[in-house]
Amino acid sequence: MVLSKTASQSDVSVHSTFASRYVRDALPRFKMPENSIPKEAAFQIINDELMLDGNPRLNLASFVTTWMEPECDKLIMDSINKNYVDMDEYPVTTELQNRCVNMIAHLFNAPLGDGEAAVGVGTVGSSEAIMLAGLAFKRKWQNKRKAEGKPYDKPNIVTGANVQVCWEKFARYFEVELKEVKLREDYYVMDPVKAVEMVDENTICVAAILGSTLNGEFEDVKLLNDLLTEKNKETGWDTPIHVDAASGGFIAPFLYPELEWDFRLPLVKSINVSGHKYGLVYAGIGWVIWRSKEDLPEELIFHINYLGADQPTFTLNFSKGSSQVIAQYYQLIRLGYEGYRNVMENCHGNAMVLKEGLEKTGRFNIVSKDNGVPLVAFSLKDNKRHDEFEISDMLRRFGWIVPAYTMPADAQHITVLRVVIREDFSRTLAERLVIDIEKVLHELDTLPAKINAKLAIAEEAESQTGSVKKTDIETQREVMAYWKKYVSERKSNKNKIC
């Protein structure tokens, strides 16, 4: 199956104005060229195309870090040619990863004895981390079922419908049924009561989200642990909990240290966290930590010796760069607890500035919570004439990338916009964004309603008056006539001399 597609079927060549002094012939767009070109030309061709990408700093859709200090940038570039998997060749890099695992395990209150090493591994992100944690749960459940002489061919995981797509990938790729707790209006996270009701003897774990992608809200892991403990006592099962702390794992310990969500809860057996989100590292690093060695089946760990020494490995891929591991260690020792707390408090403060600015417009409902991941999710109070997707589209003219999306089942009738507040999103930018949103709202107010809004308004009016309903073609003609009149009036107004 081909996952890529050509951008243009008509133009199959790449042209560059600046490169013409080095190269006179166009380069094929989708085939390797026959001849080499000067390095200056290759650079300029690629650089010209990349100018059309969005500005990462203004990409408010992403949780991923887009700024690091120059000193860390230098460390990354100096180690970009190191393959992390060559542990014997790069033992210091391996040692730095082990330090990171232990630092994060202590941050998550892992029950480690004096001198006891934490159990965990660095990954390319939380998606790989979740795959590894899920495989550990599945294998441990299968081993227990086999020992008891019971069927082990129908494992399932209980989650909320708000989980990130990587959970659906795990379920499909590794043949595990995904049992989702549906959402409802004004409650956009997994309900622990309903989740525990869905648990059965084939449930390999319940996955709780510390920082929902949809609205940043933390799920109640403590309540889930208490309810699941009672059910385990009643049934004789030992269903565990995994916490997907991809977004919230580097937030809760610093902003909400008293919140019990981690290894302080006995049923929490593993936790994943994204170093490239609020761990403050560029894209390409995640972590998964297990409560103890007993929670990671030994048969999942491979041992290799063809790189120079016996090396244990538990990853889905093999080769990967060392730079992100080194960058994570830099942030942990550079910032320390104090520095991370300051960054998270600043992010939360800027989120509140944005929230208050949006509330002052009087046009939005705030869907996100004050406590959780520092983001602001909001929806229009009235979207009959214009909707959130139009706002998202028009904000791109100012450079902002603000996503609009519908909620999962059973709240799919709710559409929201979401702004993620990262370290490099300042108070000034928050205030500027509110100003630009107000400009967009003002412009939308002067525009005629979109066609589907026109249809909805017309249908509502007809139902109230009892008049004969117009056909779609008749309604569309009316809308087109309205647009032509509107455009004509605007042109005539522009031609007037004041």
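Rules used throughout
- Each chain has its residues counted from 1, running along the sequence as written.
- Confidence filtering applies because this is a predicted model: local features only for residues at pLDDT of at least 70, side-chain atom pairs given and counted only at 80 or more, and all residues used for totals across whole chains, interfaces and linings.
- To get the side-chain values, take all heavy atoms of the structure and skip hydrogens and water.
- Paired strands, in this sense, are two strands between which DSSP finds at least two bridges.
- Secondary structure counts use DSSP, requiring at least four H or I residues in a row for a helix and at least two E residues in a row for a strand, with both numbered from the N terminus.
- Axis definition: a line fit to C-alpha positions, over the contact stretch in the case of helices; interaxial angles, taken between N-to-C directions, run 0 to 180 degrees.
- Should any heavy atoms of two residues lie within 4.5 Å, those residues are considered in contact.
- Categorising residues by exposure relies on relative accessible area from a 1.4 Å probe, with only protein chains included: less than 20% of the type maximum marks a residue as buried, more than 50% marks it as exposed, and the intermediate range marks it as partly exposed.
- Here, nonpolar core means buried Ala, Val, Leu, Ile, Met, Phe, Trp, Tyr and Cys residues that are tied together by side-chain atoms lying within 4.5 Å of each other.

## A closer look at the sheet that holds strand β14 (residues 404–406)
Turning to step 1, where the next piece is worked out: Spatially, the four strands line up as an open sheet ordered β12-β13-β15-β14, and their pairing is antiparallel. The open sheet is flanked by β12 (364–366) and β14, the only strands paired with a single partner. Taken over all neighbouring pairs, the strand axes of this sheet differ in orientation by 40° on average, direction set aside.
Turning to step 2, where the next piece is worked out: Where strand β13 (residues 375–380) and strand β15 (residues 415–420) come together, four bridges link them in antiparallel fashion. Counterpart to V376 in the pairing with β15 is V419.
Turning to step 3, where the next piece is worked out: Of the strands in this sheet, β12, β13 and β15 touch helix α9 (residues 323–361), which is tilted by about 15° from β13.

## Some remarks on the pairing of strand β3 (residues 119–123)
Turning to step 1, where the next piece is worked out: The buried count for β3 comes to four of five residues, which makes it a mostly enclosed element.
Turning to step 2, where the next piece is worked out: With five bridges joining them, β3 and strand β9 (residues 286–290) adopt antiparallel strand pairing. Paired with G122 across the strands is W287, a residue of β9.

## Considering the sheet that holds strand β4 (residues 156–160)
Turning to step 1, where the next piece is worked out: Taken in spatial order, the seven strands line up as β3-β9-β8-β7-β6-β4-β5 in an open sheet, and their pairing is mixed. A single partner strand is all that each edge strand has here, and the edge strands are β3 and β5 (177–181). When the angles between neighbouring strand axes are averaged without regard to direction, this sheet yields 20°.
Turning to step 2, where the next piece is worked out: Of the pairings in the sheet, the one linking strand β7 (residues 241–244) to strand β8 (residues 268–274) comprises four bridges and is parallel in character. Across the sheet, the residue bridging to V243 is I271, located in β8.
Turning to step 3, where the next piece is worked out: Where helix α3 (residues 91–107) meets the sheet, its contacts fall on β3, β8 and β9, and the angle it forms with β9 comes to roughly 60°.

## Some words on the nonpolar core
Turning to step 1, where the next piece is worked out: Judged by nonpolar contacts, the single largest core of 103 residues is most densely connected at V243, F250, W261, M344, L354 and I391.
Turning to step 2, where the next piece is worked out: Ranked by residues supplied to this core, first place goes to α9 with 16 residues.
Turning to step 3, where the next piece is worked out: Not counting chain neighbours up to four residues away, the residues in contact with V243 comprise A208, L210, V221, W261, V268, S270, I271 and N272.
Turning to step 4, where the next piece is worked out: Listed in part, the 15 residues of the second largest apolar core include M131, F170, I204 and C205.

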